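A structural walkthrough
Each chain, written out:
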Amino acid sequence: MQSGWAGLGEQLASRLRKLDLHRQEDLVVHLPLRYEDETRLTPIGVARAGFPAQIEGEVTSCEVVLRPRRQLVARVRDDSGTLVARWINFYPSQQKQLAVGRRVRLFGEVRGGFFGDEMVHPRVRNIDPGEGLPEALTPVYPTTAGLGQTTLRKLIDRALKTVPLQDLLPEDARRALDLPGFAEALTALHHPAPDADPIALENREHPAWRRIKFEELLVQQLSLRRAYNARRAREAVVLPARQQLTAGLVRGLPFALTSAQQRAVGEIAADLGAAHPMQRLLQGDVGSGKTIVAALAMLQAAENGWQAALMAPTEILAEQHYKKLAAWLEPLGVGIAWLSGSRRKREREAELARLQSGEVLLAVGTHALIEDEVALPRLALAIIDEQHRFGVRQRLALREKGAHGLRPHMLMMSATPIPRTLAMTHYADLDVSVLDELPPGRTPIRTKLVSDARREEVVGRVRDACLQGRQAYWVCPLIEESEALQLQTALDTYAALSEALPELRVGLVHGRLKADEKSATMAAFSAGELQVLVATTVIEVGVDVPNASLMVIEHAERFGLAQLHQLRGRVGRGTAESVCILLFAQPLSENGRARLKVIYEHTDGFAIAREDLQLRGPGEFVGARQSGVPLLRYADLELDAGLIEPARALAERMLRDAPAQADALMQRWLGGRESLLRA
Ligand code: ADP
Ligand code: MG
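Residues numbered from 1 in each chain as written. Chains lettered and ligands numbered in written order. Predicted model: local features only at pLDDT ≥ 70, side-chain atom pairs only at ≥ 80, totals over all residues. Heavy atoms only, no water.

**Let's talk about the overall build of the protein chain**
Tallying secondary structure elements over the protein chain gives 23 helices and 21 strands in all. Judged by the C-alpha coordinates and their principal axes, the protein chain covers about 95 × 65 × 45 Å. Within the span of the protein chain, comprising 679 residues, buried residues form 54% of the whole. Contacts spanning at least 24 positions in sequence make up 76% of the contacts within the protein chain whose residues lie at least 6 apart. As presented, the protein chain carries roughly 30700 Å² of accessible surface, and 51% of it is formed by carbon and sulfur atoms. The positive charge centre, built from 85 side chains, and the negative charge centre, built from 84, are 2 Å apart in the protein chain. (Helix = DSSP H or I, 4+ residues; strand = E, 2+ residues; numbered from the N terminus. Buried < 20%, exposed > 50% of the residue type's maximum accessible area, 1.4 Å probe, protein only. Contact = heavy atoms within 4.5 Å. Areas by Shrake-Rupley, 256 points an atom, 1.4 Å probe, with all protein chains shown as cover. Lys, Arg positive; Asp, Glu negative; His and termini not counted. Charge placed at Lys NZ, Arg CZ, Asp CG, Glu CD.)

**Focus on the nonpolar core**
Formed by 82 residues in total, the largest nonpolar core has its most connected members in L16, L27, I212, F214, L218 and L222. When residues in this core are grouped by element, the largest group, eight residues, is from helix α8 (residues 207–232). Grouped together as the second largest cluster of nonpolar side chains are 40 residues, I268, A294, W306 and L411 included. (Core = buried A, V, L, I, M, F, W, Y, C linked by side-chain atoms within 4.5 Å.)

**With respect to the domain arrangement of the protein chain**
Each assigned domain of the protein chain is listed here: domain 1 (10–34 + 142–203), domain 2 (40–133), domain 3 (245–435) and domain 4 (445–602). Across the contact, 18 residues belong to domain 3 and 17 residues belong to domain 4. A buried area of about 1400 Å², summed over both sides, lies between domain 3 and domain 4, and 58% of it is on carbon and sulfur atoms. By the criterion of area lost to domain 4, the three top residues of domain 3 are V286, I316 and Q320, representing 39% of everything that side buries. Between domain 3 and domain 4 we count one salt bridge in total. Note that K324 and D544 form a salt bridge whose closest N and O atoms lie 3.0 Å from each other. Viewed at the interface, domain 4 and domain 3 are joined by five residue pairs in polar contact (both at pLDDT 80 or more). Partitioned by chemical class, the residues of the side of domain 3 that touches domain 4 number five nonpolar, seven polar and six charged. (Domains from an automatic or database assignment. Buried area = accessible area lost by both parts, 1.4 Å probe. Salt bridge = Lys/Arg side-chain N within 4 Å of Asp/Glu carboxyl O. Polar contact = N/O pair within 3.5 Å; in protein donor to acceptor, adjacent residues only side chain to side chain. Nonpolar A, V, L, I, M, F, W, Y, C, P; charged D, E, K, R; others polar.)

**Some words on the pattern of salt bridges**
In the structure shown here, the tally under the stated rule is 38 salt bridges. With a shortest N-O distance of 3.3 Å, E349 and K345 are connected by a salt bridge. In this pair, E349 and K345 both sit in helix α13 (residues 345–357), four residues apart, roughly one turn of the helix. Accessibility expressed as a relative area gives 62% for K345, which makes it exposed. One connected set of salt bridges, linked through shared partners, spans R34, E36, E38 and R123.

**Side note on the UniProt feature "domain: Helicase ATP-binding" (unreviewed entry) in the protein chain**
Per the UniProt entry, the sites bearing "domain: Helicase ATP-binding" (unreviewed entry) are residues 271–435 in this numbering. End C-alpha to end C-alpha, residues 271–435 measures 17 Å, and it is 35% helix and 22% strand. (UniProt positions renumbered as here; feature names shortened; annotations may be inferred.)

**Some thoughts on the environment of I383**
Residue placement: I383 occurs in strand β13 (residues 379–384). Overall, I383 belongs to the buried group, its relative accessible area being 0%. For the pair I383 and V598, spaced 215 residues apart in the sequence, the C-alpha separation amounts to 31 Å. I383 has contacts with A294, A297, M298, A309, L310, M311, L398, L411 and M413, leaving out every residue within four places of it along the chain.

**Details of the sheet that holds strand β11 (residues 336–339)**
Spatially, β11-β12-β10-β13-β14-β9-β15 is the arrangement adopted by the seven strands of the open sheet, whose pairing is parallel. Edge positions in the sheet fall to β11 and β15 (431–435), since each has one partner strand and no second. Going across the sheet, the axis of each strand differs from the next one's by a mean of 20°, ignoring polarity. With five bridges connecting them, strand β10 (residues 307–311) and β13 associate as parallel partners. The partner of A309 across the bridge, within β13, is A382. Contacts from helix α11 (residues 290–302) reach β9 (279–284), β10, β12 (362–365), β13, β14 (409–414) and β15 within the one sheet, and its direction differs from that of β13 by about 175°. (Pairing = 2+ DSSP bridges. Axes fitted to C-alpha atoms, helices over the stretch in contact; angles between N-to-C directions.)

**Looking at the packing of helix α6 (residues 182–190) against α8**
Where α6 meets α8, the closest approach of the two axes is 8 Å, and the angle between their N-to-C directions is 120°. Here α6 is positioned oblique relative to α8, judged by the angle of their axes. The handedness of the crossing between α6 and α8 comes out as left-handed. Between α6, through F182, A185, L186, A188 and L189, and α8, the contact on the second element is made entirely by A208, W209, R211, I212 and E215. (Parallel < 35°, antiparallel > 145°, perpendicular 65-115°, else oblique. Left-handed = near helix turned anticlockwise from the far one by under 90°.)

**Describing the environment of A520**
With respect to the helices and strands, the residue A520 is situated in helix α18 (residues 515–526). By relative accessible area, A520 is classed as partly exposed at 46%. Separated by 41 residues in sequence, A520 and L561 have C-alpha atoms that sit 30 Å apart.

Below, the structure is given as structure tokens:
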């Protein structure tokens, strides 16, 4: 990106860029993290340990001490007492500032030290006799190493004078929401009035903050709505619902679609029949039955003579999808190709040829689908299962395979539900279908938290369950730092369980196995030939073995919430009562405890996602999908939820009635950056 920092010196410019500040306009909306009260002085004798204070006095000594380590130690005296100030890192210029006899103001937190009250690394300012105190709170900005508050403050103050700060909100909307003007809000935040309420400022509840947060949410809605509209202006293959193959599939199913499934199928069918590309997210908790919805969409493409592809993140899942789809489609006489790393070269080449010629219209696969030599000349629908497991690039690569360079319709599927506030903000450019109902006949899963010390007992439960004809998963601990260690742990666990359970057949799957070994083990477990499956998180997504009713997760405290929910969703798929045992090691970190509590208390994926969002914040939550959507810096999805709906409504209105103002707003907040948003 072009930097607007000509004339500032490369070092300063690069530090500003590090803060994502590229133009004067960015400085204007670089807002304080908090404020310091330098409007008052505290007499040294009154300053209390544990509180920030500003003191003023005369330097009575200043020296570099070498023990216990090199440091600068100064003493400052006022009428009420003496205070020690120390710096571990210091510059020669500081020694000058602190020359004996100089008057200084120190701002910092007072602590009880070895030599009495002291401040460590306080801020120092030299004071001329009679110099007054600032009248307003002093802003403290987010910054980076090597860029001091004073420099940043000066740059921001200068930007506030040069950048036009006209109000870009329609006046009636501003009034209706009772928001202050833009310039007024910025002044209130950068230079709070002497009587401003410091608590409201710090908690970001001040009306000025509301104005800024609203504008930020509005800009996000504008950019997402604009992307949405741009997509609707593009052409796609029209795939009307002919109800030929699809009706045949529904008739042949051993179950009836839930009403949530019917609704999603209807929404997707309508999108496919339109002349612009669908961009839809099918969201449904683990086990809610997304696969059949995908199959029906694929058949709608096929019954129009066009191709559809379904991409899944793991070999195991792709194969399972293939088998399920093939079984559903065979009676209808519809062929389906399967591409994955596990297929032999000859088979693979034959599949590629049949897809290339259009003899086969449907394809299932892993990333193998997006390889260059895969040609899908009539691709009109691309489906991505467990979409959060793919990066933007991979999703785009599949999209690029669209017939004649036309964009295929896209259906993304995810079992990681998106809390409503997040859906309304970061995902506002997608249409969403929700499966909010599980197929009937599922018994709820019971979750137990068990300390590691009781492993033996847990092994006993596995034995009992399997001897009663059930099957069990045993999930090995996640070891993020080392794949080798993770593998070793899996091998050890496998050996230990095989020994402890001689009467049972135990299998092992992990990421390092060859694809056909993995697939043979999964098939054996699926067929009931193996009773216990020791696994790493390769089984996290999608695996569907209804007879498995017990899951043990070791070191559950190391897993993320979404992952635990996904893993737990591997059981509870049949009619037997299922149990998920979360083994944890003591001592638990506070965060680990919080996560286990959430997963113990909730079985609903939406509730878990909401808690996860709370624990992690939207940055990390959304980060997994590497979205490119601008993150919110100031607005808080929980606290400011009430502003989202008005922002959305106003965004639509402005795009329609005041596009130039909408542009100016996006320019103000995003600069050129919206071009980086979802392509
Ligand atoms: P997920 O949404 O997690 O991908 P799946 O598509 O794997 O769920 O479905 C889970 C299981 O439920 C599968 O065995 C599937 O065949 C079955 N299923 C799907 N829809 C229904 C339904 N309406 N009634 C009964 N079982 C269903
Ligand atoms: Mg699935």
